[in-house]
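Fold and contact review
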Amino acid sequence: MPVAGAHAPFDRARAGLAAVLCATQVALAAPALSGPTLWIDEAYCAVLARRPFGAIHAALVHDSSPPLYYDLLHVWRGVFGESPLALRSLSLLLSCIVTVTLLHGAGRFLSADPARGRRAAAWAAAFWALAPTAAGYAVEVRSYALLVATSLGLTLAVLRHLDGGARRDLAAVVLLGALAVYTHVVAWALVAALAAAAPLRTRAPAGLVPLGLAFAGIGVLYVPWAVVLVEQVSVADRFIGWVRPEWVAWGPLLTFAGWVPGGLRLPFVPPAVVLPLAAQAVNGLVVAAALVVAGRRERDPAGEPRRPWAVHVLLATVLVYVGLLYAVSLLARPVLLAGRTDVPLLPLVACVAGAAVVRVRPGALVGGVMAAQMLVLTALAHTLPTGPDERPLEPLVADRIRPGDVVVCTGLTRPAMAYLTGERVPIVSYPLEAEQRMGQFNPQDIAARLDLVAERARVLERIEAALRPGGRLFLVSSTHPFQRPLHDTLDRAPFLDLETVDDPPELGLRRYGERLFVARYRQR
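1. A look at the overall build of the protein chain
In terms of helices and strands, the protein chain carries 23 helices and eight strands. Taken along the three principal axes of its C-alpha coordinates, the protein chain extends 90 × 45 × 45 Å. The 524 residues of the protein chain split such that 56% are buried. Of the accessible surface of the protein chain, which amounts to about 22,000 Å², a share of 64% is contributed by carbon and sulfur atoms. Considering the protein chain, the positive charge centre built from 48 side chains and the negative charge centre built from 38 side chains are found 9 Å apart.

Below, the structure is given as structure tokens:
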């Protein structure tokens, strides 16, 4: 006979665990939240979010992203400002929402025994909260935290429907699916993977037709953006030149390595955080064993064997998702980028790992060891230096500019300067088209399409027209061969004299390893 309030102690315990995990996420994120200034991609998002909604959507024609994150960031900065702390806090909040969602929403699907399922959900939430990849994106002004939150919500809504859910679960599939695909285009791979994995719930074949209609509803809601997507795809190779050199044919192995503590060198992870190969191998075997153990039959509280259908759906979703992105990468353009486009899978893998931990006797010990490793690695990732960054640009340029000055940015330096200066003075880009495509720089394509001699002449004309009497020119550039002819052009300009060149060793493009310098010119 049910006893009133019988579940209250556990609910209080679960709420307490959620508070502890979220507090841990905040503590781990604290050094990075307001530490380094925004790097290229973050600054690009921040500058784009300053614009009205219509201007944001128009600018994204030159990007590869849908608009939802930028629209949300636009609203967020209007309330909280655009300091690094304020902007990064949005991602941290979304990451904490994922933790709470795993803790409170995943348990019923991870075991036939409700108590065991709740423990599995607790482990899944802990693995997510402590994972270096999740912690890295929790302090970045980028769309990945929103992508994970909407993708997890979509996945759980599908599982609820397959478990005999109500109509509101189908409505949640449509809504959360639309939010996911309006956050990042790779969410379509998750929609396709869930559609392929759903039939593994053999007891619910009648529910597949409504689910298919719900997936179609996501497509209908995406139609307004589909026209822009076609235009984005048509120019993607031209402007996003960094993707092909970074992609490798063994991408699925790198994706698996991203689920292994200390097993993947991500852009925001210092080299010292990557574990030795032997430790990676041991951790990899543990993760692989967990994926196998979680898929085995288990017994319910009555002792009857049960097939963990939801775990099977999660595993199939992961495999199909990776397979789809890998196939597209082989046949068309690289889209499977470890630690980036596979991030929506991380909470799903955490769920499977949590299910495995509660299925075997030494599971708690093994899970504790893995969680402890992730805790240490994440703490190190947020405290160890990662090399040169854009911080010196603030005292060298942003704090020195005054009305009448002009800033010239080359390559990928415009987003950081536009963010740091608040665009208080004119900013001229080389090439000029970088004013619209701030986040992309493909020198080979630019050299093939543009007359660079004429382009430098236009840049010089723009500078001369923008300078006011007594104004100075600040050049923010690098020693990249593409930029050197512009340096020579400015040095020979009849209306400019070079005053100083500052190139402190700590100044550079973070994540790119490209050193920068600042040259200041006065008018003759």
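2. What about helix α17 (residues 346-357)?
A rise of 1.5 Å per residue sets the reference length of α17, with its twelve residues, at 16 Å; its end C-alpha atoms lie 16 Å apart and thus fit the reference within 8%. In terms of residue burial, α17 counts as a mostly covered element, since twelve of its twelve residues are buried. Every buried residue of α17 is listed here: L346, P347, L348, V349, A350, C351, V352, A353, G354, A355, A356 and V357.

3. Remarks on the packing of aromatic side chains
Two measures describe an aromatic ring pair: the distance that separates the ring centres and the angle between the ring planes. Following the criterion strictly, the structure yields eleven aromatic pairs and no others. Ring centres of F441 and F482 lie 5.5 Å apart, and the angle between their planes is 75°; this geometry places the pair in the edge-to-face category. Highlighted residues: F441 in the loop between β4 (427-430) and α21 (443-449) and F482 in the loop between β5 (472-478) and α23 (484-492), separated in sequence by 41 residues. For the pair formed by F441 and F482, the shared burial category is buried.

4. So, the packing of helix α5 (residues 84-105) against helix α9 (residues 144-162)
Following both chains from N to C, one finds α5 and α9 inclined at 20°, their axes separated by 8 Å at the closest point. For the element pair α5 / α9, the angle class is roughly parallel. In this structure, α5 crosses over α9, and the sense of that crossing is left-handed. Contacts from S91, L94, V98, T101, L102 and G105 of α5 reach α9 at A145, L146, V148, A149, L152 and L156. Classifying every residue of the contact of α5 with α9 gives nine nonpolar, three polar and no charged.

5. Some thoughts on the nonpolar core
Of all hydrophobic cores here, the largest spans 160 residues; its most connected members are V397, V407, I463 and L490. With 13 residues, α9 is the single largest residue contributor to this core. Setting aside residues up to four positions removed in sequence, I463 forms contacts with V406, V408, V428, L473, L490 and F495. Residues A29, A32, L92 and A138 belong to the second largest nonpolar core, which totals eight residues.

6. Here we look at the side chain of T413
Of note, T413 is situated in the loop between β3 (406-410) and α20 (414-421). Here the side chain of T413 touches V476 through a polar contact of 3.4 Å, landing on its backbone oxygen. Not counting residues up to four positions away in its chain, the partners in contact with T413 are V476, L509 and L516.

7. Quick look at the packing of helix α15 (residues 277-294) against α17
The axes of two packed helices give the description: the angle between them and the distance between them. α17 packs onto α15 with a crossing angle of 75° between their chain directions and a minimal axis gap of 8 Å. Between α15 and α17, the angle falls in the class roughly perpendicular. Contact residues: α15 offers A290, L291, V293 and A294, while α17 offers V349, V352, A355 and A356. Of the residues that constitute the contact of α15 with α17, the class distribution is eight nonpolar, no polar and no charged.

8. Digging into the pairing of β3
Most of β3 is tucked away: five of the five residues are buried. Both faces of β3 are covered, namely the face carrying V406, V408 and T410 and the face carrying V407 and C409. Taken together, the four bridges between β3 and β5 define a ladder with parallel strand orientation. Within β5, the residue paired with C409 across the bridge is V476. Looking at chain direction, β3 and β4 are connected through four bridges and run parallel. Note on β4: the bridge partner recorded for V407 is I427. The parallel pair β3 and β4 is bridged by α20, and the resulting crossover is right-handed.

9. Comments concerning the pattern of salt bridges
Counted under the stated rule, the structure contains 24 salt bridges. Two residues, E455 and R458, come together in a salt bridge whose shortest N-O distance is 2.7 Å. On the criterion of helical spacing, the pair formed by E455 and R458 is a turn pair, its members being three residues apart in helix α22 (residues 452-466). Within this structure, D497, E499, R520, R522 and R524 form a network of salt bridges that share partners.

10. What to know about the pairing of strand β8 (residues 514-523)
Pairing geometry for β5 and β8, over seven bridges, is antiparallel. If you follow L473 over to β8, its bridge partner there is Y521. Pairing analysis gives six bridges linking strand β6 (residues 496-502) to β8, with the strands arranged antiparallel. Counterpart to L498 in the pairing with β8 is Y521.

11. Some details on a nonpolar patch on the surface
On the surface, a cluster of nonpolar side chains totalling about 400 Å² of accessible area is made up of F53, V75, V79 and F80. The biggest single contributor to the nonpolar patch is helix α4 (residues 68-80), with three residues. When you line up the elements, V75 lands in helix α4.

12. What to know about the confidence of the model for the protein chain
Averaged over the protein chain, the pLDDT score is 89; the fraction of residues at 70 or greater is 93%. Per-residue pLDDT, averaged within each element of the protein chain, yields its smallest value for helix α13 (residues 243-246) (66) and its largest for α4 (98). For residues 1-10, every residue scores under 50 in pLDDT, and the model assigns this stretch one contact once sequence neighbours within four places are set aside.

Calculation criteria
Residues numbered from 1 in each chain as written. Predicted model: local features only at pLDDT ≥ 70, side-chain atom pairs only at ≥ 80, totals over all residues. Heavy atoms only, no water. Helix = DSSP H or I, 4+ residues; strand = E, 2+ residues; numbered from the N terminus. Buried < 20%, exposed > 50% of the residue type's maximum accessible area, 1.4 Å probe, protein only. Areas by Shrake-Rupley, 256 points an atom, 1.4 Å probe, with all protein chains shown as cover. Lys, Arg positive; Asp, Glu negative; His and termini not counted. Charge placed at Lys NZ, Arg CZ, Asp CG, Glu CD. Expected span 1.5 Å × (residues − 1). Phe/Tyr/Trp six-rings, centres within 6.5 Å; stacked < 30°, edge-to-face > 60°. Axes fitted to C-alpha atoms, helices over the stretch in contact; angles between N-to-C directions. Parallel < 35°, antiparallel > 145°, perpendicular 65-115°, else oblique. Left-handed = near helix turned anticlockwise from the far one by under 90°. Contact = heavy atoms within 4.5 Å. Nonpolar A, V, L, I, M, F, W, Y, C, P; charged D, E, K, R; others polar. Core = buried A, V, L, I, M, F, W, Y, C linked by side-chain atoms within 4.5 Å. Polar contact = N/O pair within 3.5 Å; in protein donor to acceptor, adjacent residues only side chain to side chain. Pairing = 2+ DSSP bridges. Right-handed = clockwise from strand over helix to strand, strands pointing away. Salt bridge = Lys/Arg side-chain N within 4 Å of Asp/Glu carboxyl O. Patch = residues over 30% accessible without salt bridge, like charges linked within 9 Å, V, L, I, M, F, W, Y side chains within 5 Å. pLDDT = per-residue confidence, 0-100.

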